[in-house]
Amino acid sequence: MPEREMLFREAIAEAMREEMQQDSSVFLIGEDVGPSGGIFKCCEGLFEQFGPQRILDAPIAEAGYIGLSVGAAMTQMRPIAELMFGDFALLAMDQIVNQAAKIRYMTGGQCKVPMTIRLAMGAGRSSAAQHSQSLQSIFAHVPGLKVVLPSTPRDAKGLLKSAIRDDNPVLFFEDKMMYNDKGLVPEEDDFVIPLGQAEVKRSGIDATIVATSSMVTVALAAADKLANEGLEIEIVDPRTLMPLDEETIFSSVRKTGYALVLDEAPQSYGATAEIAARIGEKAFDYLDAPVMRIGAADVPIPFSPPLEIPTIPGVEQVVRAIKDQRGN
């Protein structure tokens, strides 16, 4: 299949453009998504193509336009709501958690909420504690919501198209440090990746790293270093936390006997804990050592780069953990 190189943010924009071209019920709303093309330029060209009726610049009122999106979705529209920073989702918790997540269940399926919320996540650009959080585990904990974390431009495009088409509310987390990353994307008329389908990003036999979002890049770099020491590490990217593709993870663990789970959210009570628990419950007999996990430090993200960067899981931390786990 022919492919072309794209930036992560370009893949996001192309997915939205294609879905808006195919389905007139799809529209985009958010702060600065109009003529300016979005704060991270993920919406460039959309306003010029679709106009102000379908590309709506919202005021700084997240509860308002997320609530508007829930209502629009209930009336058979398919809104894409962009939250400039994922942290701002906390200002719309009632709309997301009490309304969007529950309406389909409370109406016995008579009312659906097919909306996608795009959120920038992650630290690393000195945005300080209120603009650097990774909140994916909070929403994965809420029944009725789907949670997606792409790690490449290819995944960003294919997963976002699936999210927009889904009849349930989907939170689509984009690591802000990855927007200018380059990658190959299939030149296919309708390239989609189903939600709930993990991918093995690198094959190996000596240990499994389950990594999400930008941590996939960290895991791959660690695997390169460990390969120089004779260890072949398998990298599994869940791509969605909810639904979670357990079988791909368990299949890898059954092969390697070792598992480390890596996520940028704070380590306590997060995705690393949930995935590690599932491996321990359902693949215990195949483990040669306890499951290890690495998350961000359990502190508010500092503004100062020398303080901020050490809070984020890094390559050397992963390398040491794998070697300690295997007794190397």
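Look up: the structure comes first, before these words.
What you see is a predicted model; the values in this text were computed from it and never measured.

Trainee: I'd like to hear about empty space enclosed by the protein, residue by residue, with values.
Mentor: The final tally for this structure, using the stated rule, is 2 cavities of 30 Å³ or more. Every element with two or more residues in the lining of the largest cavity is listed here: strand E4 (78–83) and strand E5 (116–121). When residues of the lining of the largest cavity are assigned to their parent elements, the largest contribution, 3 residues, is made by E5. Taken together, the residues that form the lining of the largest cavity break down as 8 nonpolar, 2 polar and 4 charged. Approximately 50 Å³ is the volume found for the second largest cavity. The wall of the second largest cavity is formed by Ala 100, Ala 101, Arg 104, Tyr 105, Val 113, Gly 144, Asn 168 and Pro 169. When its residues are assigned to classes, the lining of the second largest cavity shows 5 nonpolar, 2 polar and 1 charged.

Trainee: Could you give me a rundown of the environment of Leu 46, with the residues and numbers involved?
Mentor: Examined against the element boundaries, Leu 46 turns out to sit in helix H2 (residues 46–50). Exposure remark for Leu 46: the relative accessible area of 0% places this residue in the buried category. Along the chain, Leu 46 and Leu 160 lie 114 residues apart, while their C-alpha atoms are 16 Å from each other. Setting aside residues up to four positions removed in sequence, Leu 46 forms contacts with Ala 13, Met 16, Arg 17, Leu 28, Gly 51 and Ile 55.

Trainee: Now, about the nonpolar core: what can you tell me, with residues and values included?
Mentor: One finds Met 16, Ile 66, Ile 96, Phe 139, Ile 249 and Ile 279 to be the most contacted residues of the largest nonpolar core, which totals 83 residues. In terms of residue count, helix H1 (residues 8–22) provides more of this core than any other element does, 6 residues in total. Discounting chain neighbours no more than four positions away, the residues touching Phe 139 are Ala 89, Met 93, Ile 96, Val 97, Leu 145, Val 147, Leu 171 and Phe 173.

Trainee: Can you explain the packing of aromatic side chains? Please cite residues and give values.
Mentor: Scanning all chains against the criterion turns up 5 aromatic pairs. Taking 5.8 Å as the distance between ring centres and 75° as the angle between the ring planes, the aromatic pair formed by Phe 40 and Phe 85 counts as edge-to-face. Note that Phe 40 is positioned in the loop between strand E2 (26–30) and H2 and Phe 85 in the loop between E4 and helix H4 (93–100), a separation of 45 residues in sequence. Across the pair, Phe 85 and Phe 40 agree in class, each one buried. On the basis of an interplanar angle of 65° and a centroid distance of 5.7 Å, the ring pair of Phe 85 and Phe 88 is categorised as edge-to-face.

Trainee: So, the environment of Gln 136: which residues are in play, and what are the values?
Mentor: In this fold, Gln 136 is placed in helix H6 (residues 136–140). C-alpha of Gln 136 to C-alpha of Pro 186: the two residues are 50 residues apart in sequence and 27 Å apart in space. Within the structure, the side chain of Gln 136 is placed 3.0 Å from the side chain of Asp 263, a separation counted as a polar contact.

Trainee: Which residues make up the state of the cysteines, and what values go with them?
Mentor: Summed over all chains, the structure comprises 0 disulfides. Between Cys 43, a cysteine without a disulfide, and Cys 42, which holds the nearest cysteine sulfur, the sulfur-to-sulfur distance is 6.1 Å.

Trainee: For unusual backbone geometry, give the residues involved together with the corresponding values.
Mentor: A cis amide bond links Met 242 with the next residue in sequence, Pro 243, at an omega value of 0°. Although it is not a glycine, Asp 32 adopts a positive phi angle of roughly 65°. Tracing the backbone through its elements, the reader meets Asp 32 in the loop between E2 and H2. Although it is not a glycine, Ser 213 sits at a positive phi angle of roughly 50°.

Trainee: So what's going on with the environment of Val 261? Which residues, and what values?
Mentor: Tracing the chain through its elements places Val 261 in strand E13 (residues 259–266). For Val 261, a relative accessible area of 1% puts it in the buried group. Val 261 sits 19 residues away from Gly 280 along the chain, and the two C-alpha atoms are 12 Å apart. Excluding residues that lie within four positions of it along the chain, Val 261 makes contacts with Val 210, Ala 271, Thr 272, Ile 275, Ala 276, Ile 279, Val 291, Met 292, Arg 293 and Ile 294.

Trainee: I'd love a proper account of the pairing of E13, names of residues and values included.
Mentor: For E13, the buried fraction is high: 7 of the 8 residues fall into the buried class. Pairing analysis gives 4 bridges linking strand E10 (residues 207–211) to E13, with the strands arranged parallel. Its bridge partner being in E13, Thr 208 is matched across the sheet by Ala 259. Regarding the hand of the β-α-β motif, the stretch spanning E13, helix H10 (residues 271–282) and strand E14 (residues 292–296) is right-handed.

Definitions and cut-offs
Residues numbered from 1 in each chain as written. Predicted model: local features only at pLDDT ≥ 70, side-chain atom pairs only at ≥ 80, totals over all residues. Heavy atoms only, no water. 1 Å grid on protein atoms, 1.4 Å probe; cavity = no way out; pocket = protein on both sides within 12 Å on 5 of 7 lines; lining within 4 Å. Points joined across faces, edges and corners; volume = space filled by probe spheres on them. Helix = DSSP H or I, 4+ residues; strand = E, 2+ residues; numbered from the N terminus. Nonpolar A, V, L, I, M, F, W, Y, C, P; charged D, E, K, R; others polar. Buried < 20%, exposed > 50% of the residue type's maximum accessible area, 1.4 Å probe, protein only. Contact = heavy atoms within 4.5 Å. Core = buried A, V, L, I, M, F, W, Y, C linked by side-chain atoms within 4.5 Å. Phe/Tyr/Trp six-rings, centres within 6.5 Å; stacked < 30°, edge-to-face > 60°. Polar contact = N/O pair within 3.5 Å; in protein donor to acceptor, adjacent residues only side chain to side chain. Disulfide = S-S within 2.5 Å. Pairing = 2+ DSSP bridges. Right-handed = clockwise from strand over helix to strand, strands pointing away.

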